[in-house]
Structures are given as structure tokens and as C-alpha cells.
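Fold and geometry: a report
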Amino acid sequence: MSEDTLGSTPPPPPTPPEPPVRPPTPVTRKWHGPSLVWLVPIVALAVGVALLIRAVLSTGPQVTIDFHSASGLRPGKTEVRYKEVVVGRVEAVTLSEKRDHVQVTVRLDRSVSNIAVEDTRFWVVRPRIDTAGVSGIETLFSGAYIGVDAGESTKQKRHFTGLENPPFVLRGEPGRGFVLRTEDLGSLDVGSPILYKRNRVGRVVGYNLDPLIDELSVQIFIEAPYDKLVNSQTRFWNASGVEVSLNSSGLKVDTQTLASVISGGISFERPQGTQGLPPASDGSRFKLFSDRKSALAPPDGPPLRVRMVFDQSVRGLDIDAPVDFLGIEIGVIRAIRLDYDGKRKRFPVEVEAEIYPTRLGAVRDSMRQDGDDDKRRDTTLLQRLVQNGLRAQARTGNLLTGQMYVALDFPGKVQKAELDTSTAIPAIPTVPGTLADVQPQIAEIVAKVNKVPFDEIGRNLNETLAQANQAISQLRPEAQASLAEVRRTLQSVQETLQRADRSLLDPSAPIQRNAEQTLQDLQRAAQSLRVLTDYLQRHPESLLRGKPDDAKIPASPERR
Amino acid sequence: MSDAAVHTGSQMKLYGCPTCGRVSQLLRPPAGDAPLLCPRCATPLHHRRPRSLQRTWAYLIAASILYIPANLLPIMSTSNVFEGETLHTILGGIEELRHGGDWMLALIVFIASIAVPLLKIGALLVLAITAQRRSRWKQVERAQLYRMIEAVGHWSMLDVFVVVLLVGTIRFGALGGVMPEPGLLAFGAVVVLTMLAAGSFDPRLIWPEEEDKDRPS
Ligand SMILES: [Zn+2]
């Protein structure tokens, strides 16, 4: 195409070309071997190999772990943590051939390559509100991670079966583990704190339900040196949430730490006089009480079942209602049944209760006779009390709600009676309820209520309402004014927003200008880079040799 | 066209100065190794760029070596509080884009970051091998290929610029950020080295002359 304009034969040079001039002093080259440019691939090879070696060295061994479920595990994201330090990452999650479990492929860091030994354990820690510490805020959002407990074996292993629950105790961690039995987990979870005098001294490491005895086992770990605080008499209770108790001494709100309110927690205490006992052994089992009060109550011992047959209505008497002995709660109602007495043509109510004779304390100790069997001794004790005039009586505990309780008392003039031991459960004789006692009180109350000047109150109320009305009507202009104020505020908010809009979108806005300027700067930078590359294209050797010195003025200039 | 009819500068012992454009003719054969200098501006004069093929080979081999870590190693890492640190390789990024449904973007990144450097290395290999063997095969097409490589050279730095921009702009302290990784260094070096290789290749070697025998590189 260029053939037409550029002939293949060269036109005669416009001016007779002059011979190139040789400098008077020939430049001697210092380097005669292969060109220095061959250093470039050698350096590249060195750099490339170094980079690859570094990458290979920093990746540790790959292990596979079997889990039942991959819930929360994400390839490339889920971390493997040892003592809360990230030591690896999940690379792949695949289903096993039989599809009965998942296989998680984990790449461990080089630094912990010796962690993959025979007795190392892996487990999944699912997301939860982690209040293990103030730093727990970030784990609030972090997904599930795989926990690892380093083994001590020296035998390498690459395939593991993951634990479904975190291990009971981490290896090498000073402290002791215990098991708490409970019927209700409440808000407890793995990681919930164990508190002693509101200090965090341990944590819940796991829990499992035993379907046979329908009970939960909560595994806890108490860190050294606090594990020495746990002895055979230590009482644990669930410190989750806020405990509100309303009694004759007033309203009492008891909270453990704020953390335990959110995530649950367990507190423990040593009852008075048990501080000197030796620490409990590792793995000891304890009962987890529902609150501090029941935890620290003296132990009840085995209950004694008793019956009471009432001839009157027991409306207001519920299961779990208390059984009182001279004002001391010694038992609870367990069952209420309707019976039919064919002889008397009546419908007596049979109430069954459990009483704890140990709660009688000194009474029991002094009145009990010797015997071979605890239950029999308690029955005879009850028999002697009945002979002395002890009777059961359904009483109204709360006049407002009509709730009743059963009182065991000595009413005084009563017919002689005996403890009925004809059935397996002894029956305590009863006396009619206390409604008769209540009636005069009610009458008194009614009289007092009558004295209340309802008419007057009504009139006063009317007046007050009228005044209030007036006051409101006086307020009205001001209310309108404040409404207008609100409207103005809203308007100015709107204006502000519009201004913000303008200042962001207007081409002359500073943000826009700055962005434009930045882009221009970037363009300039690209231009200079281009200049650099152009220069490098022409003088590639300058990369190695640097920019050559300015050309020396030749000894013989053009026009000699 | 037949080469016999072509007169070249080297046949006529004519030297064009690349700096000032002056044409000079060699009247006497030069003595020894002394370089020829332009009478007007003293620029060394050559018929071919000196050691052009040797340089091309050196840069090309270096680029091919670094192409491996550039694609195997992560070029950047992103970190945030939700997911911790994540490493990104070029291929991984393309796969992520493709998986996310951004076919077009994945294609663009693939072309700019994988295909173009690879094609450049391949094309330079073809040029260097044919020049080394003084081949007369498809000379015009090879010249076209050379011009294409020259033109496309600057655009492969896109990835490097993007990562550098991200590193500079995305800084949230403990909450997250973007950090360059060794793969970026290798990738940048590959692009620069292919540009250098293309720059040091003398396209006149596509038309070998008798004289070139004496100066093979
Ligand atoms: Zn010149």
C-alpha cells in the first residue's frame, strides 16, 4: 500500500551523506561476556522461586474432619481457632459418600503443623452471643468456627472425626471440670460464664440431654485457682436473668453480671461452715438449683407423703401450694382428688402432700424415737404430734386472690384422733377451714368501705375533670404554636437535606471538584508513567545501568 | 514483494540517527570495535538495535518465569470483622465474578489479566524464535503482530492500578482493609517485562540481511 508513495528504490539523499565521525578516543567496553541483560531472568527466577517457596512454606498440612452437619461452615471463610487464635481455614465442605456426614477439608497454618496428631480434637463452635469478655463484641457477628484442642501425641494424623460437643476440658488448661444436673437449661449455653461472687471464674463447656432420666447434664469448667473453691458441699444455681422476689420484707431485685442476664450464667457458693472441706475431685457431679434461695436452703432429705381428707370445698388450693407447720413451710401439695364417702353420702376432698421432716429441725431431733428406718421414725413422730392435737386445716392465705394453703396446727379443743396408717400413705386428721374466722374481718372491711364518701369523691372528680377541660382549652393556642414549631423544624430539616443533596450532586460541589481533581492527578500520573515506559522502550538498558550521562560533546563538531 | 528489489539502509551503508534524524553514510569500514557516532549529535549509530534479540530473550524468559507466581499467588487480601482475612488470586476473582453472574466483567478481567499477558508472551516468543532462525515466513503478518503487541502493552497494568487504588482508599482500621500481596509484585513485573521485551525487539530483524549474520544479536 505504501508502495505508491514510497518507492522500493531509495531516492537519492537530499544532501550527500557525510561519513559518520569516529571519536578520536575509542570507547573501550568493560564488559565483553554475555550481556548484563541476562541478569534480569536470573533475578526473576530467584524472585519467582522465593515467592513460591514462601507461599508453599506458609501453608501447613491439610486435614479432613468428619462432622454430622456443615451448618455455619463456609469454605474459605470459616476459621480454625486454637485458644482463640486463628490457625487455619476451611477449604472445602463435601458430603461423604454415604451421605451420612460431611467432610470438612481444613488447611492449617504452617506454624501449627505439629497440631495434626492422633489425639487432637476438633469441634464446631456455632454462633452465639458471646459475652466471655468485653472483646466478645466482634464474635457477636463472627460466624461459626472450628475449635481445636492440640493433642500431645507425636503420631501424625490427617483424618479426624469431629466432636459434636466441645470437649469437656481443654488439654493443658489448668482447672477442673464438673457436671451439673438440671431439669431446665434456661438461657445457659456453651460459653456461659461461671460466676463466684460475680467474678467470672469458668465457663459452660457443653451440655447434653439424657433421655433415660430426662435430665440435662451441663459440663462446666472452672479455671485454676478458683477450682479449689468447689468442694463436695458447694451449691450451684442458675444465675440467668433477673431474680425478683416479693415477700414481706419488700421487693428485692437480684441480678448477677449484665453478661449473665443476656447469655445466662451459673453462680456457686459454699454454704456457711463448709469452707474448710477439701476441693471436689475432677468430674464431680452436682445439682444445679434454679435460684440462690433454693440452692442455699438446707438439704431437705427424703420427703414423707401424707394424706389429708377435707370435708369442705378446697377452692383456691392448688398443687404446689405450701404446707405450713406453725408458720414454717415444711412441704408442698402434690395432688388433689375428689373422693366419695358412701357411708356419709358426702364428697370429701383428698389432698396429698409431701412434707420434709428434716425442716422440723430441733423438733424432729428431740421428739423422734429410735428406730431402724428413717421413714418409720418420721411416721411415729407424726403420730405423736397428732396424738398431741396436730390437725390439718385449709386456710386462706391471700384474701384478695383467695389462694389457700394447708396449715398443720394445734387448734386446741378437738376430738381425739389418730394418724390413719391403714393405707401406705398415712392420713392426718383435719378440722374445718377458717372461713368463720375470716367473716368478721370481711364485715369490718365492708363497713370501712361503706364509710368511704363515694358521692363526694364523684362530685370532686367531676369538678376536677371540668377544670382539666378548661386547662386544656387554655393550652390549646400554645399547643397549636408548638405544632407549628414542629412543622417549621421539619421544613428546615428538609431544606438541610436538599442542601446536602445539592452540595453532593452539584458539579461545583467540593466533593465533585475533589473527585475531578483526583482523576486529573491520576491522568497526569498515567501520562508520566507512559513517558517512563516510552523512555524505557528506547533505553531499556537504563533499568540496569541508570540514565546515561549527557552525551559528550564530540571533539569535532559538525562543521569542521 | 520481492526482497531483491528492496534497498535497505544497511545495504547502502546508510545510517539514520534516531535522535536528530540526520542520515549519514559509512564511507570507510570502521576499524575495530569503536562505535559509530552521529556527526551532528554524537548518538551511537546502528543498523539494528544492539543485542536486541538477546535482550528480548532475557526479558521474555523473566516474564514467563514470573507469570507462574503472578497467577498462583494471591494479589491482594481483604479483611473485615465479619469474615476475617480473605486472599484473592486473579483466577479466583474471575471465578467469583463468574459465579456471581457478572459474565461480562469476568470476561473483561480474564482478557486483561490472563489472556493478554499470555498472548503477549506467546507472540513475542514467535517473533523471537523466527528472528533467531532468520525465518522469512509471513514477514508482513509478523510485523503486524509486533505493532499489535506495542499498542496493547500499556493496558495490562489495569489490575495493578485497581489494587493500588483499593489499598489506598479502603482503610477502615480494625474494621477492615485491603492489602497488596506478593502476587501483585509478580504480576506487575510480568507486565513491565513483556513491555521491555517488546521494546527491545528490533522489528527489522523480521527481514534478516546478510549483515545480520555477523551480528546475530
Ligand atoms: Zn544525530
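Residues numbered from 1 in each chain as written. Chains lettered and ligands numbered in written order. Predicted model: local features only at pLDDT ≥ 70, side-chain atom pairs only at ≥ 80, totals over all residues. Heavy atoms only, no water.

1. What about the overall build of chain B?
Quick note on the threshold: Every helix listed is a DSSP run of H or I at least four residues long, and every strand listed is a run of E at least two residues long, numbered separately from the N terminus. When accessible area is computed with a 1.4 Å probe and restricted to protein chains, residues below 20% of their type maximum are described as buried, those above 50% as exposed, and intermediate ones as partly exposed. In this description, contact between two residues means that some pair of their heavy atoms is separated by no more than 4.5 Å. Areas reported as accessible are Shrake-Rupley estimates using a 1.4 Å probe. Residue values count occlusion only from the protein chains shown.
Assigned secondary structure in chain B consists of six helices and seven strands. Written out in order from the N terminus, the α and β elements of chain B read β-β-β-β-α-β-β-α-α-α-α-β-α. By residue count, 46% of the 217 residues in chain B fall in the buried class. Excluding contacts between residues fewer than 6 apart, the proportion of contacts in chain B whose partners are at least 24 apart in sequence is 68%. Element-wise, carbon and sulfur atoms account for 67% of the exposed surface of chain B, whose accessible area totals about 11,200 Å².

2. Brief notes about the UniProt feature "transmembrane region" (unreviewed entry) in chain B
Let me state the cut-off plainly: UniProt positions are given in the numbering used here, feature names are shortened, and annotations may be inferred rather than shown by experiment.
Cross-referencing UniProt, the feature "transmembrane region" (unreviewed entry) maps to residues 57-76, 103-131, 152-172 and 184-207 of chain B in the present numbering. Along residues 57-76 of chain B the backbone is 80% helical and 5% strand, and the end-to-end C-alpha distance reaches 30 Å.

3. What to know about the pairing of strand E12 (residues 235-238) of chain A
Both faces of the sheet carry side chains from a regular strand, because those side chains alternate between them. All names here are of chain A. For clarity, the threshold we go by: Here, any two strands with at least 2 DSSP bridges between them count as paired.
Of the two faces of E12, the one holding Arg235 and Trp237 and the one holding Phe236 and Asn238 are both buried throughout. Pairing of E12 with strand E15 (residues 266-269), which is carried by four bridges, proceeds in the antiparallel orientation. Its bridge partner being in E15, tryptophan 237 is matched across the sheet by serine 267.

4. What about the coordination of the zinc ion?
All names here are of chain B. Inclusion rule: Here the coordinating atoms are restricted to nitrogen, oxygen and sulfur within 2.8 Å of the metal centre, or 3.2 Å for Na, K and Ca, and because water is not among them the sites may look incomplete. Four donors are marked tetrahedral only if all angles between them lie between 85 and 135 degrees, whereas four are marked square planar and six octahedral if opposite donors are more than 155 degrees apart and the other angles lie between 65 and 115; the remainder are marked irregular.
The zinc ion binds to the protein through Cys17 (SG), Cys20 (SG), Cys38 (SG) and Cys41 (SG); the donor distances cover 2.2 to 2.4 Å. Metal-centred angles of 100 to 115° between the four donor atoms at the zinc ion mark the site as tetrahedral. We note that the donor set of the zinc ion lies within a single chain, spaced as C-x2-C-x17-C-x2-C. A residue pair is termed long-range when its members are at least 10 positions apart, and cysteine 17 in the loop between strand E1 (14-16) and strand E2 (23-25) and cysteine 38 in the loop between strand E3 (36-37) and strand E4 (44-45) qualify at 21 residues.

5. Re the sheet that holds strand E5 (residues 121-125) of chain A
All names here are of chain A. So the rule is basically this: Comment: axis = line fitted to C-alpha atoms, over the contacting stretch for helices; angle = value between 0 and 180 degrees taken between N-to-C directions.
A sheet is described by the order of its strands in space; here seven strands give the open sequence E5-E6-E2-E3-E4-E1-E7, paired in mixed fashion. What marks the edges here is a single partner per strand, and that holds for E5 and strand E7 (159-161). The sheet shows a mean angle of 30° between the axes of neighbouring strands, direction not considered. Pairing between E5 and strand E6 (residues 145-149): five bridges, direction antiparallel. In the sheet register, valine 125 faces E6, and the bridge partner there is tyrosine 145. The sheet contacts of helix H1 (residues 39-58) involve strand E1 (59-67) and strand E4 (102-109), and relative to E1 the element is tilted by about 35°.

6. With respect to the nonpolar core
Here is the rule we go by: Among buried residues, those of type Ala, Val, Leu, Ile, Met, Phe, Trp, Tyr and Cys that are joined through side-chain atoms within 4.5 Å constitute a nonpolar core.
If you look at the biggest cluster of nonpolar residues, it comprises 49 residues, and the most contacted ones within it are B:Leu53, B:Tyr59, B:Leu60, B:Leu193 and B:Phe201. Of all the elements in the fold, those that place two or more residues in this core are H1 of chain A together with helix H1 (52-72), helix H2 (90-99), helix H3 (103-132), helix H4 (139-152), helix H5 (158-169) and helix H6 (182-200) of chain B. If you look at the next biggest cluster of nonpolar residues, it comprises 28 residues, including A:Leu360, A:Leu382, A:Ala392 and A:Val406.

7. Some points on the pattern of salt bridges
Close approach of charged atoms allows side chains of opposite charge to pair. All names here are of chain A. Selection rule: Here, a salt bridge means any side-chain nitrogen of Lys or Arg that lies within 4 Å of a carboxyl oxygen of Asp or Glu.
Enumeration according to the criterion identifies 22 salt bridges over all chains in this entry. A salt bridge links arginine 334 to glutamate 354; its shortest N-O distance comes to 2.9 Å. Taken together, the residues span a long stretch of sequence, with arginine 334 in strand E19 (residues 328-338) and glutamate 354 in strand E20 (residues 349-355) at a distance of 20 residues. Given a relative accessible area of 31%, arginine 334 falls into the partly exposed group. The exposure class of glutamate 354 is buried, given its relative accessible area of 12%. One salt bridge in this structure joins aspartate 409 and arginine 395, with 2.7 Å as the shortest N-O distance. Of the two residues, aspartate 409 sits in strand E22 (residues 403-409) while arginine 395 sits in strand E21 (residues 391-398), which places them 14 residues apart along the sequence. Residues participating in the shared-partner salt-bridge network are Arg305, Arg307, Arg334, Arg337, Glu350, Glu352, Glu354 and Asp420.

8. A closer look at the sheet that holds strand E10 (residues 199-210) of chain A
Residue and element names in this part refer to chain A. With mixed pairing, seven strands are arranged side by side around a closed barrel as E8-E11-E10-E9-E15-E12-E16. Averaged over all pairs of adjacent strands, the angle between strand axes in this sheet comes to 35°, irrespective of strand direction. Examined bridge by bridge, strand E9 (residues 193-196) and E10 share four bridges and lie antiparallel to one another. Residue pairing across strands places isoleucine 194 opposite glycine 202, the latter belonging to E10.

9. Side note on unusual backbone geometry
Geometrically, the link from A:Ala224 to A:Pro225 is a cis peptide bond, its omega value of 5° lying close to zero. Its place among the elements puts A:Pro225 in the loop between strand E11 (215-223) and E12. Positioned with a positive phi, A:Arg198 is a non-glycine residue whose angle comes to about 65°. When its relative accessible area of 44% is taken as the criterion, A:Arg198 is described as partly exposed. Although it is not a glycine, B:Lys138 adopts a positive phi angle of roughly 45°. Summarising the element assignment, B:Lys138 is placed in the loop between H3 and H4. Judged by relative accessible area, which is 46%, B:Lys138 ranks as partly exposed.

10. Remarks on the confidence of the model for chain B
Defined as follows: For every residue, the predictor reports its confidence as pLDDT, a number between 0 and 100.
Per-chain confidence: chain B averages 80 in pLDDT, with 86% of residues scoring 70 or above. Listed scores for the predicted complex are pTM 0.48 and ipTM 0.78.

11. Brief notes about the confidence of the model for chain A
On average, chain A scores 76 in pLDDT, and the residues at 70 or more come to 77%. pLDDT under 50 marks residues 23-28 of chain A. Its contacts with residues more than four places away, or in other chains, come to four contacts.

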